[in-house]
Amino acid sequence: MDFLNAIVALANFVIVPGLAYGAQLAIGALGVTLIYGILRFSNFAHGDTMAFGTAITIIVTTALVGAGITFGPLPTALLALPVGIAVTIGLLLAIDWGVYKFYRKQKASPVILVIVSMGVMFVMNGVVRFIIGVGDINFADGERFLISARDFRDMTGLQEGLAIRTTQVITIVVAFVVMALLFWFLNKTRTGKSMRAFSDNEDLALLSGINPDWVVKVTWMIVAALATTAGVLYGLDKSFKAFTYFQLLLPIFAAAIVGGLGSPVGAIAGGFVIAFSEITITYAWKKVLTYMLPDSLAPDGLVQLLSTDYKFAVSFSILIIVLLFRPTGLFKGQSV
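Figured I'd write up the structure that's included with this text. (Residues numbered from 1 in each chain as written. Predicted model: local features only at pLDDT ≥ 70, side-chain atom pairs only at ≥ 80, totals over all residues. Heavy atoms only, no water.)

**Details of a nonpolar patch on the surface**
Link 1 in the chain: Taken together, the side chains of Phe 3, Leu 4, Ile 7, Met 292, Leu 293 and Leu 297 make up a nonpolar region of the molecular surface, amounting to roughly 570 Å² of accessible area.
Link 2 in the chain: In terms of residue count, the dominant contributor to the nonpolar patch is helix α1 (residues 2-39) (three residues).
Link 3 in the chain: Within the secondary structure, Met 292 is located in helix α13 (residues 286-292).
Link 4 in the chain: Classification of Met 292 by relative accessible area gives partly exposed; the value is 47%. (Patch = residues over 30% accessible without salt bridge, like charges linked within 9 Å, V, L, I, M, F, W, Y side chains within 5 Å. Areas by Shrake-Rupley, 256 points an atom, 1.4 Å probe, with all protein chains shown as cover. Salt bridge = Lys/Arg side-chain N within 4 Å of Asp/Glu carboxyl O. Helix = DSSP H or I, 4+ residues; strand = E, 2+ residues; numbered from the N terminus. Buried < 20%, exposed > 50% of the residue type's maximum accessible area, 1.4 Å probe, protein only.)

Take a look at the structure:
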């Protein structure tokens, strides 16, 4: 029974949260890797794009709930998500037309575009804070738990309870659907194949008659959808705070680079690597070890390598190690 309790505790505090957080990072990293692979620069405004799309979704969610429109046991934010995606698409297309297009015509180096994206990041950060404020916002309604810890203990008779939040299940399901749709689009549709050809060899793609302006527009549209979806899922699972999304830029970039920049498969794998690394290193293992070890060997301390305050330091450390020893990432994307 102690072994089963240890497994349940591990699932409750490491496995389930790791899967949900990893899915959120994976969707965010897919947007980063698309921009890098197709438009050939690192978009530092990606975190604030997530924040903007989430802020619009929260505003629409509040309006729907105020009008008495809900989604039953599911979060109402899922109904508002398409509106958030649409508004974010409009914003990114406007930014591309007003900012990035000029530098593309000048054939500016990727470093210049990175600096430009940092300027866009600061402007978007201010806009989001002006629109929705700087405080924590919890916008998850509907049923909070798919299964509660008490119900699990009653069903199994175990001492440990397994609590699975509805938002965690939604995150994993939506992430799977989004990833499947993206891979289908890139591999089966004409536009997706054009984007892949443009990413592999821009000059050859242009000679083949591919319209670069259309490829750029579709890329921004997909990135807007991915960023808004990742931001809303993260906000539902935790809460929304504008500055948190700025901080998320580090683990998202770490996920994209660990997997291999320019590789969608790598972005997904990197998201889960970063998520489980952060959680396992900052988790206090005392409870699990107490169940698994004899009483004489049970630890007195928390057995926690790092405090949860330092979870982003884990991402940074992994990022540095990968850049030093394997800059192409796990799936051999473009070197950084």
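**Considering the side chain of Thr 54**
Link 1 in the chain: Looking at the element boundaries, Thr 54 is found in helix α2 (residues 46-66).
Link 2 in the chain: For Thr 54, a relative accessible area of 0% corresponds to the buried category.
Link 3 in the chain: A distance of 3.4 Å separates a polar atom in the side chain of Thr 54 from the backbone oxygen of Gly 231.
Link 4 in the chain: If near-sequence neighbours (up to four positions away) are discounted, Thr 54 is found in contact with Phe 139, Thr 228, Gly 231, Val 232, Phe 240 and Tyr 245. (Polar contact = N/O pair within 3.5 Å; in protein donor to acceptor, adjacent residues only side chain to side chain. Contact = heavy atoms within 4.5 Å.)

**As for the layout of surface pockets**
Link 1 in the chain: Of the volumes computed, that of the largest pocket is approximately 510 Å³.
Link 2 in the chain: Arg 104, Lys 105, Lys 107, Phe 198 and Glu 202 are, among the 19 residues lining the largest pocket, the residues nearest its centre.
Link 3 in the chain: Elements represented by at least two residues in the lining of the largest pocket include exactly α1, α3 (77-105), α4 (110-132), α8 (202-207) and α9 (212-237).
Link 4 in the chain: Counting residues per element, the lining of the largest pocket draws most heavily on α3, at four residues.
Link 5 in the chain: In terms of residue class, the lining of the largest pocket is built from ten nonpolar, one polar and eight charged. (1 Å grid on protein atoms, 1.4 Å probe; cavity = no way out; pocket = protein on both sides within 12 Å on 5 of 7 lines; lining within 4 Å. Points joined across faces, edges and corners; volume = space filled by probe spheres on them. Nonpolar A, V, L, I, M, F, W, Y, C, P; charged D, E, K, R; others polar.)

**Examining the packing of helix α12 (residues 264-282) against helix α14 (residues 311-325)**
Link 1 in the chain: Closest axis-to-axis distance for the α12/α14 pair is 9 Å, and the angle between their directions is 130 degrees. It follows from the interaxial angle that α12 and α14 lie oblique. In terms of crossing hand, the pair formed by α12 and α14 is right-handed. Residue-level inspection shows Ile 274, Ser 277, Glu 278, Ile 281 and Thr 282 of α12 in contact with α14, the latter providing Lys 311, Phe 312, Val 314, Ser 315 and Ile 318.
Link 2 in the chain: Of the residues that constitute the contact of α12 with α14, the class distribution is five nonpolar, three polar and two charged. (Axes fitted to C-alpha atoms, helices over the stretch in contact; angles between N-to-C directions. Parallel < 35°, antiparallel > 145°, perpendicular 65-115°, else oblique. Left-handed = near helix turned anticlockwise from the far one by under 90°.)

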